[in-house]
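If you want the building blocks of each chain, they are given just below.
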Amino acid sequence: MSRPLHATVVLASSGSQDDLDHYLDLLDAHDMVTATTSADDVDNTKPAPNIFAIALKKVAPLRADEIVVVGDAPYDVEAAAKCGIAAIGLRSGGFGDDSLLRDGAIALYDDVAALLADYDTSPLGHRP
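Computed from a predicted model, the values in this text were never measured in an experiment.

*Asks:* How should the packing of aromatic side chains be read in this particular structure?
*Replies:* Each aromatic ring pair is described using two quantities: the centre-to-centre distance and the angle formed by the ring planes. For the structure on display, the rule yields 1 aromatic pair. Look at Tyr75 and Phe95: their rings are 5.8 Å apart centre to centre, the planes differ by 85°, and that puts the pair in the edge-to-face class. Placement of the pair is Tyr75 in helix α3 (residues 74-82) and Phe95 in the loop between β4 (86-90) and α4 (97-102), with a sequence separation of 20 residues.

*Asks:* Whenever I open this one, a negative patch on the surface confuses me. Can you help?
*Replies:* The grouping of Asp18, Asp19, Asp40 and Asp41 at the surface amounts to a negative patch. Mapped onto the elements, Asp41 comes out in the loop between β2 (35-37) and α2 (50-58).

*Asks:* I'm lost on a nonpolar patch on the surface in this one. Help?
*Replies:* Taken together, the side chains of Tyr23, Leu26 and Leu27 define a hydrophobic patch exposed on the protein surface, amounting to about 380 Å² of accessible area. Counting through the fold element by element, Leu27 comes out in helix α1 (residues 17-27). For Leu27, a relative accessible area of 63% puts it in the exposed group.

*Asks:* Can you help me understand the sheet that holds strand β5 (residues 107-109) in this one?
*Replies:* As a general point, the strands of a sheet are linked pairwise by backbone hydrogen bonds and lie either parallel or antiparallel. Reading across the sheet, the 3 strands line up as β3-β4-β5 and stay open at both edges, with parallel pairing between neighbours. Edge positions in the open sheet fall to β3 (68-71) and β5, since each of these has one partner strand only. Within the sheet, the average angular offset between the axes of one strand and its neighbour, ignoring direction, is 25°. When β4 meets β5, the two strands line up parallel, connected through 3 bridges. When the bridges of β5 are listed, Leu90 appears paired with Tyr109.

Calculation criteria
- Residues numbered from 1 in each chain as written.
- Predicted model: local features only at pLDDT ≥ 70, side-chain atom pairs only at ≥ 80, totals over all residues.
- Heavy atoms only, no water.
- Phe/Tyr/Trp six-rings, centres within 6.5 Å; stacked < 30°, edge-to-face > 60°.
- Helix = DSSP H or I, 4+ residues; strand = E, 2+ residues; numbered from the N terminus.
- Patch = residues over 30% accessible without salt bridge, like charges linked within 9 Å, V, L, I, M, F, W, Y side chains within 5 Å.
- Areas by Shrake-Rupley, 256 points an atom, 1.4 Å probe, with all protein chains shown as cover.
- Salt bridge = Lys/Arg side-chain N within 4 Å of Asp/Glu carboxyl O.
- Lys, Arg positive; Asp, Glu negative; His and termini not counted.
- Charge placed at Lys NZ, Arg CZ, Asp CG, Glu CD.
- Buried < 20%, exposed > 50% of the residue type's maximum accessible area, 1.4 Å probe, protein only.
- Pairing = 2+ DSSP bridges.
- Axes fitted to C-alpha atoms, helices over the stretch in contact; angles between N-to-C directions.

Below, the structure written as structure tokens:
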């Protein structure tokens, strides 16, 4: 039996805040997200670490070693690594396994649905 998902969720997007809000509206997911950060908050987006550095400040006192990024591009994995954050790679972004692993992904899943289906044994399920 899967345990309920209890997590601090931060959406850290290289897109604009307007785009991020639009998709949260479409998904009716605002109440599931603790905080957001977007390209509007930084001078440089991924693969620069700025987006995740801002996200870390928003979830303090959580530390980088207590967080896992879920991303679908090597840029997500690379930016997370620059902040000391582990990253799970999703193949749904169209990038190959080699690219995601080379940049440091700790696990790979086909998409979010596959990650959720395997939640209990995934790196997310083993976090504090």
